[in-house]
Every structure is written in structure tokens, then in C-alpha cells.
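# Working through the structure, step by step
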Amino acid sequence: MSTTDLKDMAELVSLCKRRGFIFPSSEIYGGIGSCWDYGPLGSELKLNVKNRWWNAMTNRDDIEGLDAAILMHPRVWEASGHVDGFVDPLVDCKKCRARFRADHLTPEQIDSKNCPTCGTKGSLTEPRQFNLMFKTHMGPMEDTASLVYLRPETAQGIFVNFENVQQSARQKIPFGIAQIGKAFRNEITPGNFIFRTREFEQMEMQYFVKPGSDMEHFEQWKAMRHKWHVDNGIRPNKLRFHEHAGTELAHYARAAFDIQYEFPIGWQEVEGIHNRTDFDLKRHQEFSKKKIEYFDEATREKYVPFVVETSVGCDRALLSILCDAYRLEGERTVLKMHPELAPYKVALFPLMKKPELIEFSDKVYADLKRTFRATYDDSGSIGKRYRRQDEIGTPFCATVDYDGLTDQSVTVRDRDNMTQERVPAARLTDYMRDQMKIWKPS
Ligand code: GAP
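Residues numbered from 1 in each chain as written. Predicted model: local features only at pLDDT ≥ 70, side-chain atom pairs only at ≥ 80, totals over all residues. Heavy atoms only, no water.

## Describing empty space enclosed by the protein
In total, this model carries two cavities of 30 Å³ or more according to the counting rule given. Within this model, the largest cavity holds a volume of roughly 60 Å³. Forming the boundary of the largest cavity are 13 residues, of which Gly233, Ile321, Asp324, Ala325 and Lys336 lie nearest the centre. Top element by residues in the lining of the largest cavity is helix H10 (residues 314-325). It accounts for four residues. Its residues assigned to classes, the lining of the largest cavity shows six nonpolar, four polar and three charged. The space that makes up the second largest cavity amounts to roughly 40 Å³. (1 Å grid on protein atoms, 1.4 Å probe; cavity = no way out; pocket = protein on both sides within 12 Å on 5 of 7 lines; lining within 4 Å. Points joined across faces, edges and corners; volume = space filled by probe spheres on them. Helix = DSSP H or I, 4+ residues; strand = E, 2+ residues; numbered from the N terminus. Nonpolar A, V, L, I, M, F, W, Y, C, P; charged D, E, K, R; others polar.)

## Quick word on the packing of helix H11 (residues 355-371) against helix H14 (residues 428-437)
Here H11 crosses H14 at 45 degrees, and the two axes come no closer than 10 Å. By the criterion of interaxial angle, the relationship of H11 to H14 is oblique. With respect to the hand of their crossing, H11 and H14 are arranged in right-handed fashion. Facing H11, whose interface residues are Val364, Leu368 and Thr371, H14 presents Leu428, Thr429, Met432 and Arg433. Here the contact of H11 with H14 is built from residues that sort into four nonpolar, two polar and one charged. (Axes fitted to C-alpha atoms, helices over the stretch in contact; angles between N-to-C directions. Parallel < 35°, antiparallel > 145°, perpendicular 65-115°, else oblique. Left-handed = near helix turned anticlockwise from the far one by under 90°. Contact = heavy atoms within 4.5 Å.)

## Focus: the site of the ligand
As a matter of local geometry, the ligand sits amid 21 residues, with Glu153, Thr197, Glu204, Glu269 and Val270 nearest to it. A distance of 2.8 Å separates an oxygen atom of the ligand from a polar atom in the side chain of Arg185. Between Glu187 and the ligand, the recorded distance is 2.8 Å, taken from a side-chain N or O atom to a nitrogen atom. Taking 550 Å² as the accessible area of the ligand by itself, protein coverage stands at 92%. In this structure, the ligand is accommodated by the largest pocket. For the shell around the ligand, the element with the most residues is strand S14 (residues 266-277), which contributes six residues. Looking at the shell around the ligand residue by residue, the classes come out as five nonpolar, six polar and ten charged. (Near = heavy atom within 4 Å. Polar contact = N/O pair within 3.5 Å; in protein donor to acceptor, adjacent residues only side chain to side chain. Areas by Shrake-Rupley, 256 points an atom, 1.4 Å probe, with all protein chains shown as cover. Sits in = over half its atoms within 2 Å of the grid points.)

## Side note on the domain arrangement of the protein chain
Split into domains, the protein chain comes out as domain 1 (3-72 + 141-326), domain 2 (87-131) and domain 3 (344-437). Overall, the association of domain 1 and domain 3 removes approximately 590 Å² of surface from exposure, summing both partners, and the carbon and sulfur fraction of that is 46%. Among the ionic pairs, Arg373 bridges to Glu44, the shortest N-O distance being 2.7 Å. At the boundary of domain 1 with domain 3, the tally comes to four residue pairs in polar contact (both at pLDDT 80 or more). (Domains from an automatic or database assignment. Buried area = accessible area lost by both parts, 1.4 Å probe. Salt bridge = Lys/Arg side-chain N within 4 Å of Asp/Glu carboxyl O.)

Below you can see the structure in the form of C-alpha cells.
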């Protein structure tokens, strides 16, 4: 049977809406640009992505967790360089009001000023710098003194807490701080579903190292982060590194690599690994007038640590997982995602709605739910029920039939290769655990 990958993001958008992964935000009011809501299955999947990241990061002795506030002192963003430097060049069409990032236009479009949307000749404005931070006010007065920003990255919450964490957790360098949280950017051209949005979630880790050892740690983190995506079930041939050349480097970075995934819209960044040097800690020292130094008791040295950062968008990683899992196999649409990420691990089907089958099914279902997220479906043909679960990535379907009443077994059907196996009900959770352990993307 021929298998095809996802060709058009619109197919995924439609599946996500229909099956309750992701809905357009405020849809009954016509939606709001680039905001999306995670539905019952999407919120489960997102939690699984976050848990995998959190466990990979914090289930080691040298990384601590943090959950900092979204609103921070406005000086933080002056120190970080975001007030002056977090800008995109913006161009407007005077005729149709379309907006573009000047750096996304071709040199010809810039020179001719012809609008790529409505085609009007000479209608584009000169580029002007547009700051991507959302502004709001803290307290009842809407004046400059009350101005605060919604954080455009979670990283700064980590930098300003460097000493709090290091001292309270009694960590020694090298060590890291990991955080998951919302970030906000007033993007000029959001789009491509959840790829680029104005509100998104980041999973960031800052690893504080001795100056001079930064590039060695940088290389290690590059490899570890690539492996995380592969361990999530992403096919390795769909991942690659992209090195930032001089002009592409962010204001804080000495070296930077993106991990890119081949989306239906082409190769795009999913995660950034940056050598941020001592830029941020030194700037916070300067702006807060507080010393931020580490004292190495072994060598009796004092220094401002360097930082290797790994920064992955949770929504974007989730999108790469959905895109990679999506397959069309004849009539069947299937999400072949890593079983550990799947919203439901197992669906239980009584063959028919007969009391004796329901009684045994209810018992097996209750047992399953003690260990796994499970769902129950007793409507329609078994074939239809398989298709419903395939589409949402449920790795196992277990059917209770009449034979099961005598041999206390169920028929387990595998999502990826559609093979079936009789498994004693008492062994079902162990069986699933074993199968999940040896799972490989196909
Ligand atoms: N602290 C460094 C930092 O924020 P970044 O490359 O600007 O670096 C890191 O962002 C990651 O955050 C990106 O690789 C991407 O996955 C995600 N991200 C950034 N902007 C986003 C947006 N507008 N929508 C969704 N995800 C975004």
C-alpha cells in the first residue's frame, strides 16, 4: 500500500480541528490572528511533550527547574537588549494596508516598492523599525512609569534568578536552569498554523559554564538536543542543523545553531542552541548594579559564567511531531507518533453492546486506566473504530470478544502495522509497556 507524508499544512489543520487537538482561538467571534487553543487531545499531547522535555532536562543532578513570572521589571528588557534591539523592519502597503517584514521581501520588491499582495506599483513605505514586545501597564495608571512588557523569551527569568537558584540549590558550575513558560511576540507575519504565533510556549535551558569551556559544552548540547528530537520519534532524515552566519547571529550570541525540521512549508527552525557568552549576566550586573559572580571554591576564582542556551518552542516541537507522524495510507489517515506522546495509549472496544461483553470490557478498561490514558468506544464497526483511533495516534486498540469471556484475553491491534495479537487481559499493561519500549518510527 502506498504511504504519503503530510503534503499540505491545511490537511493537518483540518484534522486537528475535527478531532479536538487544536482550535482557532475565539472562533465564535471570527477568531483572533495567530492565536490557537489546544483542545482535549491537543492539551494532552502538549503536556506529554512538556513532560518529555522536563524529564530530559531536570532528571539529572546538574539541572534545576524554575517557573518565573511573565511580567518582569521593565529594566530587565533594557538590560537584555530587547527594548533597543528586538525589532523587525516593517513595510506597509499604502493601498491595501498589507504588512511585510522588509527582510522577507526580495531586493527587487524593496527597490521597486511594488506591493506583493495587491500589485500596486510604488505603494510600499520605507522600512521602519518595529519592536516585537507587547506592552501593557501595571496598576491603574496608564503612563510611562507603569509600562511593563509581556516577556518575549523565558530566558531572562532564568538570568535574573541565577544566584537565587545557584545558592538555594547549592549548585556548582557547570549547572543549568530549565523553564517552561509562555512567551509573547507581536510578530509582523505570524502564520502557518502554530508555527509562528504571537503567544507561544518556550522550553528553555541555560547552562552556566566556566569561560573557556563554553564551546565544548555548546557542542555537547547540540548533540543532546538533536537526540531529544530523534527520541521523540522524529525521523532523523527530517532533521538537520543550520549554522547562523555572522549577520544572522542574535545580539547576544557568539555561536548559534538551529535544529531544523522539514515541514511541508520547507526546512524551518524548531530549536536554537546559542552560546550567549557572559552577555546577559554582565548586562544585568550593569543595569541592576548588583554583582552577579560565581566563586569557585576549588580554584578560588571569581568569574561571571558563560551561558549555553537551548531554546525550543513547545508549540513548534509539537507541530513537528504532528507533521512527522501524519501519514496517508490508502483510505486510512494515521498519526504514527511515539506511543509515549500519543494522547491515548489504548482504546478499548467491546465487540458488541452485549451485557456479558460490557461487563468484561468495563473490568479491563478500569484496569488499563490505572496505568495508561485510555479511551472506550462501543459504536460502529470495529473497522471504523480503528480508523478513529488511527487518526488521533492511539498506538493500541484492544477488542473484547466472546472468546475473551472464556480465555480472559483480548485482541490487540497495532496502529503502525495493523497486526493483531491475542493477549491475556492480565498481561495487557505489561505487553503495552514492552511494545512501547521497542517502538521505532516507520
Ligand atoms: N531565548 C532565545 C530565544 O528565544 P529564539 O530563536 O528567538 O531564541 C527560540 O526562539 C524558539 O522559540 C524557536 O526555535 C521557536 O521554536 C520558538 N519560537 C520563537 N518565536 C516563535 C513564535 N512566534 N511562534 C512560535 N514559536 C516561536
